[in-house]
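Structural overview for review
One letter stands for each residue in the lines below.
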Amino acid sequence: MTINLFDDACWASLRPLTFTRPVADLRIGILTIAEKWAKYLNADFGFQTQEYLSIKYAVKKNASLFINGSICPDQSLLDAISGLKEGEFLVAKDVIIAFNCNEELTYKQAEQQLKPINYEFESIRITYPENIFANNPAEIRKDFELLTKGRTSAKISSTNQLLGDEIFFEEGAKAECSVLNTGYGPIYVGKNAEIWEGSLIRGSFALCENSSIKMGAKIYSGTTIGPNSRAGGEINNSVIWGNSAKGHEGYLGNSVLGEWVNIGADTNNSNLKNNYAEVKLYDYETKKMRNTNLQFCGLIMADHAKSGINTMFNTGSIVGVSANIFGGGLPPNHIPDFSWGGADGFLDYKLDKMFETTEKVFARKNVIFDNTEKDILTKVFELTAPHRYF
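My aim in this report is to walk through the structure given alongside it, one point at a time. (Residues numbered from 1 in each chain as written. Predicted model: local features only at pLDDT ≥ 70, side-chain atom pairs only at ≥ 80, totals over all residues. Heavy atoms only, no water.)

**Regarding the packing of helix α2 (residues 33–41) against helix α3 (residues 75–82)**
Formally: Between the N-to-C directions of two axes lies an angle of 0 to 180 degrees, each axis being a line fitted to C-alpha atoms and, for a helix, fitted only over the stretch in contact. Counting from the N terminus, the helices are the DSSP runs of H or I reaching at least four residues and the strands are the DSSP runs of E reaching at least two. The labels follow the angle: roughly parallel below 35 degrees, roughly antiparallel above 145, roughly perpendicular from 65 to 115, and oblique for the rest. Left-handed describes a crossing in which the near helix is turned anticlockwise from the far one by less than a right angle; the clockwise case is right-handed. Contacts are assigned to residue pairs with any non-hydrogen atoms lying within 4.5 Å of each other. Side-chain classes follow a simple rule in which Ala, Val, Leu, Ile, Met, Phe, Trp, Tyr, Cys and Pro form the nonpolar group, Asp, Glu, Lys and Arg form the charged group, and the remainder, Gly included, forms the polar group.
Following both chains from N to C, one finds α2 and α3 inclined at 70 degrees, their axes separated by 12 Å at the closest point. Classed by the angle they form, the pair α2 and α3 counts as roughly perpendicular. Two packed elements cross with a definite hand, and for α2 against α3 that hand is right-handed. Across the interface between the two elements, Trp37, Tyr40 and Leu41 of α2 pack against Leu77, Leu78 and Ile81 of α3. Within the contact of α2 with α3, the residues separate by chemical class into six nonpolar, no polar and no charged.

**Focus on the environment of Glu194**
Along the chain, Glu194 turns up in strand β12 (residues 194–195). On a C-alpha basis, the gap between Glu194 and Ala385 in space is 40 Å, while along the polypeptide they are 191 residues apart. Setting aside residues no more than four positions away along its own chain, Glu194 makes contact with Lys174, Leu207, Ser211, Ser212 and Ile213.

**With respect to the nonpolar core**
Applicable threshold: Take the buried Ala, Val, Leu, Ile, Met, Phe, Trp, Tyr and Cys residues and link them wherever side-chain atoms come within 4.5 Å; each set so joined is a nonpolar core. Only protein chains enter the calculation, and the probe is 1.4 Å; a residue is then buried if its accessible area is under 20% of its type maximum, exposed if over 50%, and partly exposed in between.
If you look at the biggest cluster of nonpolar residues, it comprises 62 residues, and the most contacted ones within it are Trp37, Ile67, Ile81, Ile97, Ile126 and Phe338. Aside from chain neighbours lying at most four places away, what touches Ile97 is Phe6, Phe66, Ile67, Asn68, Ile71, Leu77, Ile81, Leu90, Val91, Ala92 and Tyr119. One finds Ala175, Ile213, Ile240 and Leu299 within the second-largest nonpolar core, a separate group that totals 33 residues.

**So, the sheet that holds strand β6 (residues 115–118)**
Whenever strands of a sheet pair, they do so through backbone hydrogen bonds, lying parallel or antiparallel. Using the following cut-off: One bridge is not enough; two strands pair if DSSP finds at least two bridges between them.
Reading across the sheet, the six strands line up as β2-β1-β3-β5-β4-β6 and stay open at both edges, with mixed pairing between neighbours. Since the sheet does not close on itself, it has two edges, and those belong to β2 (44–48) and β6, each with one partner. With direction set aside, neighbouring strand axes in the sheet form an average angle of 30 degrees. Relative to β2, strand β1 (residues 2–6) is paired through five bridges, and the arrangement is parallel. By the bridge assignment, Leu5 is partnered in β2 with Phe47.

Dropping the structure here:
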C-alpha cells in the first residue's frame, strides 16, 4: 500500500514547527505521525504539502489513499479508513480525515467532489504546537505497544534498578547504574541508544535510536528524545524531534524542540506563570498572543534554533526557525525566525552566516547540507520576514 499524508489548515497553526516540514513529519510519542500510519498500514508514504517543501517531502504519485497528517492513528480510525471505498471521504465535525481517490486531489477538492462518510469517534489531532507535549504520554504508550507487540526486549544490565516491567530495549541499546521506573508509563530505548550512569528516568519515556542520556539526568513522564540526539539535566513532558542537543544542566518542561536545535549549558525555561494564569503563545496568523488554555506551557523552539549558556526563557516562549539567542535577562516571549540577539535586542541572522554554521552542524553528524535544505531555508527566511519586528 502507498499513502499520502496531506496538510490542512493545521499547517499554518503549527508554525514555526511546520515552516520546515509537513505536519505529518512532526514527532509525537516515539514515531512521527507519518511513520505511525506507515507502520499500522504496512505502507509506503509521501506528503501532500506546501510547494516549497515538496522538493524534500514529495507526494507519491501512485497512491489512492490520502490521510490528514495532523491526526494520529488508532484502531477505530484505522477500521473506518480501511472501509473507505473509492470516491468517498471520511469526515468528523467538518474535519476531513481521509479520502480514497484514484487521482491526486487536495482535501478541499475531495470535499467538493467525493461522497462524505461521517465518523463519530474522537481521535488525537495536532492543531497547535502545545498539543504535541500534551498528548505525548498517550502517544508514547500507543507507539510502545505498536513497536514491541510480540517481541522480546534486548538484555538490560543488572546494574540498573528496574521498577515495573513495561520496558523495552532495542538491539544495541545500553544503560548502566540508572533507575528506570515504568510504574507511570512504559520506557522505550531505541537501537544503539544509551542511558549513562546515574540517570533517573520515569516513564512514559522514549529514547530513540543513536541518542544518549548523559550522567545524572532527571527525566520525567511524557518525554521523548528523538534520534541522533543528546540530552541531560532536568526534562519534563517534552519532545525533542531529533538531531538536537540539550546536553547540560538546566530545566526543560512542557516544551517542544525541533530538529538541529542546540541548547546551551544552564539554559532554563519557565512552564508556569507566577500568578498561575493560563499561558499564551504567539500566533503566526494573527501576529498576536493566543490563549492555550493551559496552566503549564514552556518553550516551543523551531528547527535550527540555538541558545547560549544561561539563557532564560519566559513561560510560553515561541522561538522561530534559525533564531540564535544569547546574553543576560529574559528575551521576549516571541523570538522571530532568523533573529540574532537577546533581551537587549535583535538583528537579522543573515542567511549566508546561518548557512556557514548549519554546514558545520550537519558535518558533525555526517550529513550533507545540500541545496534542497538551503532552498527550503531561503524560502522560510522570505516567508517569516513580516514577523521580524526589529
